[in-house]
Amino acid sequence: MQQIPIMILPEGSVRQQGKTAQQNNIDVAKQMAEMVKTTLGPKGMDKMLVDVHGDVAITNDGATILKELNVDNPMAKMMVEVARTQDQEVGDGTTSAVVIAGELLVQAEGMLKNKIHPTIIIKGYQEAARECMHKLDLMSVEFESGDEVLRDIAETSMTGKGSEEHKEQLAGLVVEALNKVSENGQFEGSDVKIESYTGGSISDSRIIQGVVLDRDISHPNMPRFMTKPKILLLDVGLEVKSMEMDAKIQISDPSQMQKFLDAESQMIMTQINQIISSGANVVISTHGIDETAQHFLAKQGIIGIRRAKREDLEYLSKATGGKIVTDLKIVGQTDTGSAELVEERMSGEKKMIFVEGCVNAQAVTLLIRGGTDHLLEEVKRAVNDAIGTVGSVIKTKRIVGGAGSVEMRLSKHIRKHSTSMSGKIQIAINAFADALESIPRCLAENAGLDVIEIIAQINASKKEWAGVDIENNCIMDAFEEGVVEPTQVKIQAISSATEVANMILRVDDVISTAGGGRKE
Ligand code: ADP
Ligand code: MG
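Keep in mind the model is a prediction, meaning the values are calculated, not measured.

Enquirer: When you look at the overall build of the chain in this model, what are you seeing that I'm missing?
Expert: Scanning the chain from terminus to terminus reveals 15 helices and 20 strands. Along the longest, intermediate and shortest principal axes, the C-alpha atoms of the chain span 90 × 80 × 40 Å. Across the 520 residues in the chain, those meeting the buried criterion constitute 50%. Counted over contacts in the chain with a minimum sequence separation of 6, partners at least 24 positions apart contribute 75%. Accessible area of the chain: about 25,300 Å², with a carbon and sulfur share of 50%.

Enquirer: When you look at the packing of helix α3 (residues 74-89) against helix α4 (residues 94-113) in this model, what are you seeing that I'm missing?
Expert: A packed helix pair is summarised by two numbers, namely the angle formed by the two axes and the spacing between the axes. Put simply, α3 and α4 touch, their axes get as near as 8 Å, and they point 145° apart. The way α3 lies across α4 gives a crossing that is right-handed. Taking contact as the criterion, the partners of M79, V82, A83, Q86 and D87 in α3 are, on α4, T94, A97, V98, A101 and G102.

Enquirer: Can you help me understand the environment of L170 in this one?
Expert: Mapping L170 onto the fold places it in helix α7 (residues 167-181). Residues L170 and I427 lie 257 residues apart in sequence; the distance between their C-alpha atoms is 45 Å. When residues no more than four places from it in sequence are discounted, the contact partners of L170 are M158, S163, I202, S205, V379 and V383.

Enquirer: Looking at this structure, how should I read the site of ligand 1?
Expert: Around ligand 1 sit 22 residues, and of these D92, T95, S96, A403 and E485 come closest. One of the backbone nitrogen or oxygen atoms of G93 is found 3.1 Å away from an oxygen atom of ligand 1. Separating an oxygen atom of ligand 1 from a backbone N or O atom of T95 is a distance of 2.9 Å. Contact with the protein chains covers 93% of the free accessible surface of ligand 1, which is 580 Å². For the shell around ligand 1, the leading source of residues is α4, giving three residues. Here the residues of the shell around ligand 1 are counted per class, giving eight nonpolar, ten polar and four charged. Viewed by domain, the shell around ligand 1 spans two of them, domain 1 (16-142 + 399-508) and domain 2 (144-206 + 362-396), each represented by three or more residues.

Enquirer: Help me understand the pattern of salt bridges in this model?
Expert: As a working rule, side chains carrying opposite charge can pair if their charged atoms are close by. Counted under the stated rule, the structure contains 29 salt bridges. K43 serves as the salt-bridge partner of E471, at 3.3 Å between the closest nitrogen and oxygen. Note that E471 is positioned in the loop between β17 (466-469) and β18 (474-477) and K43 in the loop between α1 (18-37) and β2 (47-50), a separation of 428 residues in sequence. Residue E471 is classed as exposed on the basis of its relative accessible area of 58%. Residue E344 is joined to R224 by a salt bridge in which the shortest nitrogen-to-oxygen separation is 3.3 Å.

Enquirer: Quick question: what am I supposed to make of the packing of helix α5 (residues 118-139) against helix α12 (residues 405-418) here?
Expert: Close contact between α5 and α12 brings their axes to 10 Å; oriented N to C, the two are set at 125°. Taken as axis vectors, α5 and α12 run oblique relative to one another. Relative to α12, the crossing made by α5 is right-handed. Mapping the contact onto sequence places E127, A128, E131, C132, K135, L136 and M139 in α5 and V406, R409, L410, H413, I414 and H417 in α12. Looking at side-chain class alone, the contact of α5 with α12 contains seven nonpolar, two polar and four charged residues.

Enquirer: It is not clear to me how unusual backbone geometry should be interpreted in this structure. Could you clarify?
Expert: Only a minority of non-glycine residues have a phi that is not negative, and only a minority of peptide bonds are not trans. The residue K397 is not glycine, and still its phi comes out positive at about 60°. Mapped onto the elements of the fold, K397 is located in the loop between α11 (373-396) and β16 (398-401). For A403, which is not glycine, the phi dihedral falls at a positive 55°. Residue A403 is classed as buried on the basis of its relative accessible area, which comes to 11%.

Enquirer: Got a minute to help me understand the sheet that holds β16 in this structure?
Expert: The three strands lie next to each other as β4-β16-β19, forming an open sheet whose pairing is antiparallel. Of all the strands in the sheet, just β4 (141-142) and β19 (484-486) have a single pairing partner and so form its edges. In this structure, β16 lies alongside β19, joined through three bridges in antiparallel fashion. Residue pairing in the sheet places I399 in a bridge with P486 of β19.

Enquirer: What should I look at first to understand the sheet that holds strand β14 (residues 350-356) in this one?
Expert: Think of a sheet as strands paired side by side through backbone hydrogen bonds, with each pair either parallel or antiparallel. Ordered by their spatial adjacency, six strands build an open sheet running β5-β15-β6-β14-β13-β7, and the pairing between neighbours is mixed. Every interior strand has two partners, whereas the edge strands, β5 (192-198) and β7 (225-227), have only one. Taken over all neighbouring pairs, the strand axes of this sheet differ in orientation by 50° on average, direction set aside. Sheet analysis places strand β13 (residues 341-347) next to β14, joined by seven bridges and oriented antiparallel. By the bridge assignment, M346 is partnered in β14 with K351. In the packing of helix α10 (residues 310-320) onto the sheet, the strands contacted are β5, β6 (206-213), β14 and β15 (364-370), and the crossing angle to β6 comes to about 110°.

Rules used in this analysis
Residues numbered from 1 in each chain as written. Chains lettered and ligands numbered in written order. Predicted model: local features only at pLDDT ≥ 70, side-chain atom pairs only at ≥ 80, totals over all residues. Heavy atoms only, no water. Helix = DSSP H or I, 4+ residues; strand = E, 2+ residues; numbered from the N terminus. Buried < 20%, exposed > 50% of the residue type's maximum accessible area, 1.4 Å probe, protein only. Contact = heavy atoms within 4.5 Å. Areas by Shrake-Rupley, 256 points an atom, 1.4 Å probe, with all protein chains shown as cover. Axes fitted to C-alpha atoms, helices over the stretch in contact; angles between N-to-C directions. Left-handed = near helix turned anticlockwise from the far one by under 90°. Near = heavy atom within 4 Å. Polar contact = N/O pair within 3.5 Å; in protein donor to acceptor, adjacent residues only side chain to side chain. Nonpolar A, V, L, I, M, F, W, Y, C, P; charged D, E, K, R; others polar. Domains from an automatic or database assignment. Salt bridge = Lys/Arg side-chain N within 4 Å of Asp/Glu carboxyl O. Parallel < 35°, antiparallel > 145°, perpendicular 65-115°, else oblique. Pairing = 2+ DSSP bridges.

Put into structure tokens, the structure is as follows:
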């Protein structure tokens, strides 16, 4: 009797199983790590990314590179996710996380070839990661206070980015800004608003106590400043087309046209009257404010600012105590926010809006300037990393030495720990130690140093935080040289790298039904 094959997968599905699936997945993840590896550290190179529109970004930031790649391979997406999580949680250490994940998989590849089962590798990696967390806790140095240490933290995370020459000054600004927002203990990194404009030099960057918007006042007849303003924040437009309906009207004689226009003005007028009744004299909208509305606002002496970014509106809401209004029909006097001053000023060749003396005095904007857009974008990313790391230290108060020193210490520690384990798991734990060593190796390699020599020197060194001295082709005590990082960056990088490597190792079957023959 002939057997009829039973089909459980839709026609056209593609399936990879066992070793092939595993190998392919590992290859993809390795390639992703390989791609960002050369950017690691102070001497890391930059990547130039060109998108479909031909827009160019030059960056050294792991998370940005992976994000901009727009990969659609599912394993590649998981690596992007590692970088994204790292960026979100601590703002720095993205490249390190991806490099460690890639290296864990390279090591796993070797073990799989030697017939070590994935479950043993996974167990070994989990054990090693757990031991790293324990050791990190023991060896972290308590940060008590002192701007100098915070500046070192900021500088370490900005090293190697486009802002290199000005990192001292920028580090100072980052620390000053975070000190301001963290005065009462409760803060988020996002409490510091970063605003930038092209023109001038990075050294002209400064801190503004308040909120700065990259916008201008929309109508020439509106006042250019307002003291003790009542600010209304709108997430709705002052324009006819925002009336959620699309209609086509055919007009056959001029009087009808006039009627129609009058009705439009009437609609706008109703909205303006609502604004007047709220007592607001400054209106900031994320949408448009059309000509008619601008005209009416100007006549009432109200300042209108349009097309503000949504995130800026949220920031303003926090700073001024104003509510974000989405429906003008229900706006009232309690919805407006207040400050000491709203003013349009020239910053270089550009008009910007300054909202100063906010109710929430902790509102701080870091105004960054730079010669070109590309440079400015990269400086912003560097400053963002620094805000993440300094913020993390203010909150968690734990730091470790950088320049590969912490990874070397952890690597040594878990090698020792592996001897207390028996069986093949020992091999996996040692492989984890090798993967951690990839950070100092990579730092040295990217700086063109003799990798083997440097690693041997660190291993032999009596210095507590022996790491790579990139400038002098030797080793140094990272802590003494001020190359320090938040413990949190390392915790996050190691745990997410382990997680993703293990997740990839667990998969032995890839079934893709996308584009398959399923018909509804
Ligand atoms: P990531 O995205 O992982 O933060 P980076 O390119 O910012 O990648 O590089 C971070 C690494 O560079 C860390 O291991 C850090 O300790 C190291 N590093 C930073 N500054 C120095 C320095 N001056 N000397 C040696 N290593 C440094
Ligand atoms: Mg960094």
